[in-house]
Amino acid sequence: MSVQVNALSDFSSCEISDALIKLGVPHGGHIPDISMFSPGPLAGTRSAKICAPAYTVKMVPADDDTSPKLSAHFVDTVTPGYVIVVDAPPGTKNAVWGGLMTAGAKARGAVGVVISGRCRDLAEHRTAGFPVFARGHSTLGQGTFVRPSAINVPLVIVPEGTEQSTGAFPSTGVLPGDWIVADEDGVVCVSQALVHQVVELATIGREIDARCMEDIKAGKGIQASFLRYRGK
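A quick note: this is a predicted structure, and the numbers were derived from the prediction, not measured.

Each value, and the rule that gives it
- Residues numbered from 1 in each chain as written.
- Predicted model: local features only at pLDDT ≥ 70, side-chain atom pairs only at ≥ 80, totals over all residues.
- Heavy atoms only, no water.
- Helix = DSSP H or I, 4+ residues; strand = E, 2+ residues; numbered from the N terminus.
- Buried < 20%, exposed > 50% of the residue type's maximum accessible area, 1.4 Å probe, protein only.
- Contact = heavy atoms within 4.5 Å.
- Salt bridge = Lys/Arg side-chain N within 4 Å of Asp/Glu carboxyl O.
- Disulfide = S-S within 2.5 Å.

Enquirer: Is there a simple way to explain the environment of T77 in this structure?
Expert: Structurally, the position occupied by T77 is in the loop between β2 (50-61) and β3 (83-87). Taking relative accessible area as the criterion, T77 reaches 35% and is therefore assigned partly exposed. For T77, the residues in contact, after removing those within four places along its chain, are Y55, A72, R108 and I151.

Enquirer: Would you mind showing me how to read the pattern of salt bridges here?
Expert: Where charged atoms of side chains with opposite charge meet at close range, the side chains can pair. In the structure shown here, the tally under the stated rule is 7 salt bridges. Two residues, R135 and D33, come together in a salt bridge whose shortest N-O distance is 3.9 Å. In this pair, R135 is assigned in the loop between β7 (132-134) and β8 (136-137) and D33 in the loop between α2 (13-22) and β1 (35-38), connecting sequence segments 102 residues apart. A salt bridge links D87 to K58, with the shortest nitrogen-to-oxygen separation between them at 3.2 Å. Taken together, the residues span a long stretch of sequence, with D87 in strand β3 and K58 in strand β2 at a distance of 29 residues. Among the ionic contacts, a cluster of salt bridges with common partners joins D10, E15 and R206.

Enquirer: What is the right way to look at unusual backbone geometry in this model?
Expert: If a residue is not glycine, its phi is most likely negative; likewise, a peptide bond is most likely trans. Cis geometry is adopted by the peptide bond preceding P39, which originates at S38 and carries an omega value of 0 degrees. Here P39 is to be found in the loop between β1 and β2. Non-glycine residue D33 carries a positive phi angle of around 70 degrees. Backbone geometry at N152 places phi at a positive 50 degrees, although glycine is not the residue there. Relative to the helices and strands, N152 resides in the loop between β9 (146-151) and β10 (155-157).

Enquirer: So what exactly am I meant to see when it comes to the state of the cysteines here?
Expert: By definition, a disulfide links the sulfur atoms of two cysteine residues through a covalent bond. Taken as a whole, this structure holds 0 disulfides when the rule is applied. Among the cysteines around C51, which has no disulfide bond, C189 carries the closest sulfur, lying 11 Å off. The class of C51 is buried, set by a relative accessible area of 16%.

Enquirer: What should I look at first to understand α2 in this one?
Expert: One turn of an α-helix holds 3.6 residues; hence residues three or four places apart share an orientation. Those residues of α2 that sit buried are S13, E15, I16, S17, A19 and L20. Phi turns positive one or two residues past the end of α2, at G24, with a value near 90 degrees.

Okay, structure coming up:
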């Protein structure tokens with residue numbers, strides 16, 4: 001892991017999004033509507049944090065006869081040290097990730113999974129201590145409804161329930177190897193080309209926020225503190 005990537009892992013998803021917004025990335029790298037399902041609330045103060053390159057998986061409806069089919073299960077071909085990013089068709093109500101997949105992913109050395117879709121078998125993920133981030137959960141399995149079609153391909157993750165019209169939150173692109181940072185606040189994607197700039201801006205942002213916090217705690221007010229350190 002390079003020095004810059006190691007530094008990236010020190011920042012929260014919020015700090016990274018702030019940096020990406022400053023760099024002109026309209027969605028701030030945020031992959032919306034995704035929350036942490038494992039570890040669960042009974043884990044106490046323990047939380048999950050992922051900072052790893054993306055191994056992407058594209059799902060299609062099960063009755064799609066035109067899209068490619070995989071020759072091996074996508075979990076069996078994941079690169080150790082990567083986070084699996086799964087994009088299910090919009091509106092999918094079944095799970096695309098379950099306890100057996102978590103067992104396989106851990107055995108392969110994957111560091112977690114981020115799902116634009118649903119998971120199931122929550123207790124199994126939590127018992128395994130495997131980080132799972134998803135849009136929701138379900139009792140239904142995958143096979144009847146969707147199937148994996150491609151791995152390590154560009155993904156375009158569309159916000160849940162959003163029509164792509166004027167004013168809609170923009171879709172987030174995830175390329176294989178892009179850096180995924182996921183924590184209790186959410187999930188962000190950082191292009192490999194922007195890692196250095198993100199680390200620089202996030203470092204500055206953290207220093208500014210620390211000064212603001214000190215003044216606010218001292219009773220100097222939010223508006224005055226923001227004006228002093230943020231310039232607005």
